[in-house]
Amino acid sequence: MIAETGHYALVLALALALIQSTVPLVGARRGDVALMNVARSTALAQLLFTGASFALLVALHVISDFSVVNVFENSHSLKPLIYKITGVWGNHEGSMLLWVSILALFGGLVAAFGNNLPLSLRAHVLAVQAWVASAFYLFILFTSNPFLRIANPPIEGRDLNPVLQDIGLAVHPPMLYLGYVGFSISFSFAVAALLEGRIDAAWARWVRPWTLVAWIFLTLGIAMGSYWAYYELGWGGWWFWDPVENASLMPWLAGTALLHSAVVMEKRNALKVWTVLLSILTFSLSLLGTFLVRSGVLTSVHAFATDPARGVFILLILCIFIGGSLSLYAWRASSLKQGGLFAPISREGALVLNNLFLTAACATVFIGTLYPLALEVLTGDKISVGAPFFNLTFAPLFVPLMLAVPFGPLLAWKRGDLYGAAQRLTAAGIAALVAIAVLWAWTRGGATLAPLAIGLAVFVIAGALTDLAERTGLFRLPLAVSFRRAQGLPRSAWGSAFAHAGVGVALIGVVCETTWNSEYIATMKPDQVAKVAGYELKLDGISQRQGPNFREMIAQFSVSRDGRPLQVMTPSKRSFTTRGMSTTEAALLTRGVSQLYISLGEASADGGIAVRIYHKPLVLLIWFGPVLMAFGGLLSLSDRRLRVGAPKPAKAARALQAAE
Amino acid sequence: MNLWFVFALMTVAAVFAVLWPLGRRSALQSGGSEASVYRDQLAEIDRDLAGGLIGATEAEAARVEIGRRLLAAADQQRDMPAQPSPGLRRVASIVALVGLPLAAVAIYLPLGSPGLADFPLAARSRTADATQPLDNLVAQVEAHLEKNPTDGRGWTVLAPVLARLGRYDDAVRAWRNAITYGGDSSERRADLGEALTAAAGGVVTTEAKAEFERAAAMNADDAKANYFLGLAAEQDGRTDDAASIWKTMLAKAPADAPWRPLVQDALSRVGVTVAPALSNETMAAAKDMNETDRNAMIRGMVDRLATRLKQNGDDVEGWLRLVRAYMVMGERDKALGAQSDARQAVANNAERLKQLNEGLKNLGLDG
């Protein structure tokens, strides 16, 4: 009964979504309050049913009901409980159900907490949200139904892909989906604004929290996915420019641009049309990501199943929503009133520059990801566009962007003073130059670009600190006054400083890891010692162990430095009988923010084993950076105050400082 | 609780969600408005000014801007009066009351399986009964062994079943475990070798041969090991060796050994290709075969030879035999294919290439 109840709940959610996507629109046209309010109750009921459906699927996985095809194909009675639960979204059908559950969750949140929205805007937003939801309910029910049954259930399931049997699966997909799907709200708001034919600064204030939430989760989701790939796939890389990774990076870049342009819109009532376009593009890229991953166009860890019917269906959804919303944009955008004006050198101008670079970066990733696919479809040639392409196109776009980041917050609204901003950044510039000089002296003869890149990162971090120092009047005013001003500073200002510093921190990690990474790859026998970056790693021995649903070969290394023993590391190789697959479990030893990384290869007949040992200096900064960015986003989100961008008057006396 | 009763309750809840806002009398304009956002922004400017975050002139400029937006928003609000439309509400109610349940049932019935009860694992009997398909029993034993991998007896029971089911790779692993945990014996080694051979599609690989040799070392009279060692020799092209191994087997075996006919067949097979002096029994066996059986036998041998050469192409004699066999069977295309394969395989070795070309010329195929 659990399975059928879950199935029926999903069908009811579809029926409710269909009503939600039409009735409120009619109500908004006619100005009928009751009809508009239907959006709210149906959105909440939809959340209830979809949530129930998802919870019931989880229950089915937990009790290992193999009469459900989805459970049979992706579960195993011996799997630990946590993987029985995470396995729910470790497969195509279940992950699509998670996708719509989160869609319904966001719809429900707008319904529950959207009291400050005008009724007709809320009705429009929820109706658009229901369009998207209806399309995906249909997709799930007709092409990827997780509740299909087997009349004569087998006694044991086929188990989950072993690579996915990891705690990462509990965190990475839900986070990423919260990000992807969260952008559906800004999409719905944009389409609602186009349907209503009006948009203003208030709109940006209403969308802001949703965009921020989505961006925070997407940031964390991508970082988490990268860390997971780093320790699970066993060769120490953290970003592969794999199309699936790019599929998540594109909405992130567009979403970051959206976040910034929405600030201009909320504070200055400018860039309105552009913000609407970015909202549409961001969610379109999320949909594109879903299409790339789910249609089977790409084969990777993420492509759980490939079925042409699904691909065609998603492609259809993609065309309808992206094509439809862009047509609507083309048709209605001209009717939206243009907003405020500003000088090229101003905070607005800086944010436009940021948007230009981010969208250009997004476009390069887009081309690099889709060009090989398009070429294969058109000519049948298979080419692969890899790291060299992205390093050559992405990096040159990011360097000027990073250079510009510290200037932005120091410029005044409407008309700014570039020279003044540069003066205030002198300290940051000096810090960067010192960093470059020190690194150059220290790593003489090494990589030339690395110290420069780190100098750039230091500049970004110091620039973020300068911004805070300027706002609080640190070093200019007495300490007590500065402290009081720091307390009074809006949390959004702290947030943007943290987020910008996060970018610099991540850059330091990336540069250090790629430049000063040392590795040792060899076949080792027991009692042999490997020396990597000043550490001595002795292979103590190899042993076998039985896990719940796998057998494991564990190698034990004792690590020491300068003769002092540090710790024991135990990398292992697991082989899973049911699927006949094996995974490598890398062992990590964290020293500060650097890591030692050991992963095992094949065992040789003479008792030796192939090992890969890496020393990765400052590697953890790569993920601390995004965490810092997300923390900044969180600070900004917690700032419930309204945002006002006070313009710098044309003929004012010297303003006290950059205005918030 | 009855399934349909649950469905009915859920449907009622869904319908209610649509009807509730429609039925409410006091549906007042309760949403927020743009004007309120701008009023809050104005208040925010005052707070920022008081906190010293912005200067007085800037605050004034901002107030002017926001004031303009506030006026525009207030204008727009007046444009949109609320108009109740009872007719449309009635239509929406009917859609919810009739359309929603109908749509739900119409979508669910073709997709769902309402007649099927749940089958949680815990509730299902773990005892084997005769009606259970073999696959389920095997899965149960495998699950048991997954938890108790050191149960040698379990592996010994499971391994032959796996081999019979055609899961040769699993059978190989099962026999290995049986040997590790249940003790070594010539029978188990020979069975492991047999599984390895089956997994390789009938070719006695080096790995399999090593197992048979180990078995034969433990028990020189192990029939299975000896038979396969003979087969390995035959596949290596050492037909004389094969014949002598099998002949020794027959000589030592009791008259009623069940594998006698098999070995006799094998011997006759060797006899067909190299025509050594055949024992009477073998001749009799070969004579007893009808035309189809013999053809099938020959084809099987040729295929095995081709597979072996694909793995190891150094054997010039083997290639020549293959080409000859194809020509005898009247398959000229395959013979030509084998010829070019052979040239490729020995292309690195001038001595062998010369030998091959000589041989091919003798066969009358264009050299």
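Use the structure listed above.
Figured I'd write up the structure that's included with this text.

So, how was this worked out
Residues numbered from 1 in each chain as written. Chains lettered and ligands numbered in written order. Predicted model: local features only at pLDDT ≥ 70, side-chain atom pairs only at ≥ 80, totals over all residues. Heavy atoms only, no water. Helix = DSSP H or I, 4+ residues; strand = E, 2+ residues; numbered from the N terminus. Buried < 20%, exposed > 50% of the residue type's maximum accessible area, 1.4 Å probe, protein only. Contact = heavy atoms within 4.5 Å. Areas by Shrake-Rupley, 256 points an atom, 1.4 Å probe, with all protein chains shown as cover. Rg over C-alpha atoms; globule rule 2.2 N^0.38 Å. Lys, Arg positive; Asp, Glu negative; His and termini not counted. Charge placed at Lys NZ, Arg CZ, Asp CG, Glu CD. Salt bridge = Lys/Arg side-chain N within 4 Å of Asp/Glu carboxyl O. Expected span 1.5 Å × (residues − 1). Bend = angle between axes of the 7 residues up to and from the residue. Polar contact = N/O pair within 3.5 Å; in protein donor to acceptor, adjacent residues only side chain to side chain. Pairing = 2+ DSSP bridges. Axes fitted to C-alpha atoms, helices over the stretch in contact; angles between N-to-C directions. Parallel < 35°, antiparallel > 145°, perpendicular 65-115°, else oblique. Left-handed = near helix turned anticlockwise from the far one by under 90°. Nonpolar A, V, L, I, M, F, W, Y, C, P; charged D, E, K, R; others polar.

Another point: the overall build of chain B. For chain B, the count of helices and strands is 17 helices and zero strands. Each of the 367 residues in chain B was classed as buried or not, and the buried ones make up 40%. The contacts in chain B between residues at least 6 apart in sequence include a share of 48% that link residues at least 24 apart. On chain B, roughly 20000 Å² of surface is accessible, and the fraction owed to carbon and sulfur atoms is 56%.

Each helix and strand in chain A was counted, giving 20 helices and 10 strands. A globule of 660 residues ought to have a C-alpha radius of gyration of about 26 Å, and chain A, at 27 Å, matches this closely. For the C-alpha atoms alone, the extent of chain A along its principal axes is close to 85 × 70 × 55 Å. Counting every position in chain A, which comprises 660 residues, the buried fraction comes to 62%. When contacts within chain A are restricted to residue pairs at least 6 apart in sequence, those whose partners lie at least 24 apart make up 74%. Carbon and sulfur atoms make up 68% of the accessible area of chain A, which totals about 24000 Å². Taken together, the 48 basic and 33 acidic charged side chains of chain A have centroids lying 13 Å from each other.

Attention now goes to the interface of chain A and chain B. In this complex, chain A contributes 87 residues to the contact, which on the side of chain B involves 75 residues. Taken together, chain A and chain B are joined by three salt bridges. A:D32 serves as the salt-bridge partner of B:R89, at 3.0 Å between the closest nitrogen and oxygen. Looking at the side of chain A that touches chain B, the elements with two or more residues in it are helix 1 (2-20), helix 2 (23-30), helix 3 (33-62), helix 7 (119-143), helix 9 (201-232), helix 10 (243-268) and helix 18 (479-488) of chain A. With 13 residues, the top contributor of residues to the side of chain A that touches chain B is helix 1 of chain A.

A few words now on helix 9 of chain A. Residue and element names in this part refer to chain A. Helix length check: helix 9 (32 residues) gives 45 Å between terminal C-alpha atoms against 46 Å at 1.5 Å per residue, within 8%. Its maximal kink placed at V207, helix 9 deviates by approximately 40 degrees, while the proline P209 follows within four residues. For helix 9, the tally of buried residues reaches 28 of 32 residues, placing the bulk of the element in the interior.

As a further point, take the side chain of A:E348. All names here are of chain A. Note on placement: E348 falls in helix 13 (residues 347-379). Reaching out from E348, the side chain makes a polar contact with the backbone nitrogen of K414 at a distance of 2.7 Å. For E348, the residues in contact, after removing those within four places along its chain, are V264, R268, F342, A412, W413 and K414.

Residue and element names in this part refer to chain A. Of all eight residues making up strand 10 (residues 609-616), six are buried, and the element is well covered by its neighbours. Relative to strand 10, strand 1 (residues 518-524) runs antiparallel, the two sharing seven bridges. Counterpart to Y520 in the pairing with strand 10 is I613. The hairpin formed by strand 9 (residues 594-603) and strand 10 contains five residues between the paired strands, and G607 there has a positive phi angle of roughly 90 degrees.

Residues and elements named next belong to chain A. Taken together, four strands build an open sheet; the order of strands is 1-10-9-8 and the sheet is antiparallel. On the outer flanks of this sheet lie strand 1 and strand 8 (587-591), each paired with one strand and no other. On average, each strand axis in the sheet is tilted by 15 degrees relative to the strand beside it, whichever way the strands run. Seen against the sheet, helix 9 touches strand 8, strand 9 and strand 10 and runs at an angle of roughly 50 degrees to strand 9.

All names here are of chain A. Between helix 7 and helix 8 (residues 168-196), whose axes approach to 8 Å, the crossing angle comes to 120 degrees. What the angle tells us is that helix 7 and helix 8 run oblique. Crossing geometry of helix 7 relative to helix 8 is assigned as right-handed. Contacts between helix 7 and helix 8 involve S120, L121, H124, V125, V128, Q129, W131 and V132 from the former and S184, I185, F187, S188, F189, V191, A192, L195 and E196 from the latter. The class makeup of the residues in the contact of helix 7 with helix 8 is 11 nonpolar, five polar and one charged.

With that settled, the discussion passes to unusual backbone geometry. Residues and elements named next belong to chain A. Positioned with a positive phi, S64 is a non-glycine residue whose angle comes to about 50 degrees. For S64, the location among the structural elements is in the loop between helix 3 and helix 4 (69-74). One non-glycine residue, W241, adopts positive backbone phi at about 50 degrees. With respect to the helices, strands and loops of the structure, W241 is situated in the loop between helix 9 and helix 10. We classify W241 as buried; its relative accessible area is 13%.

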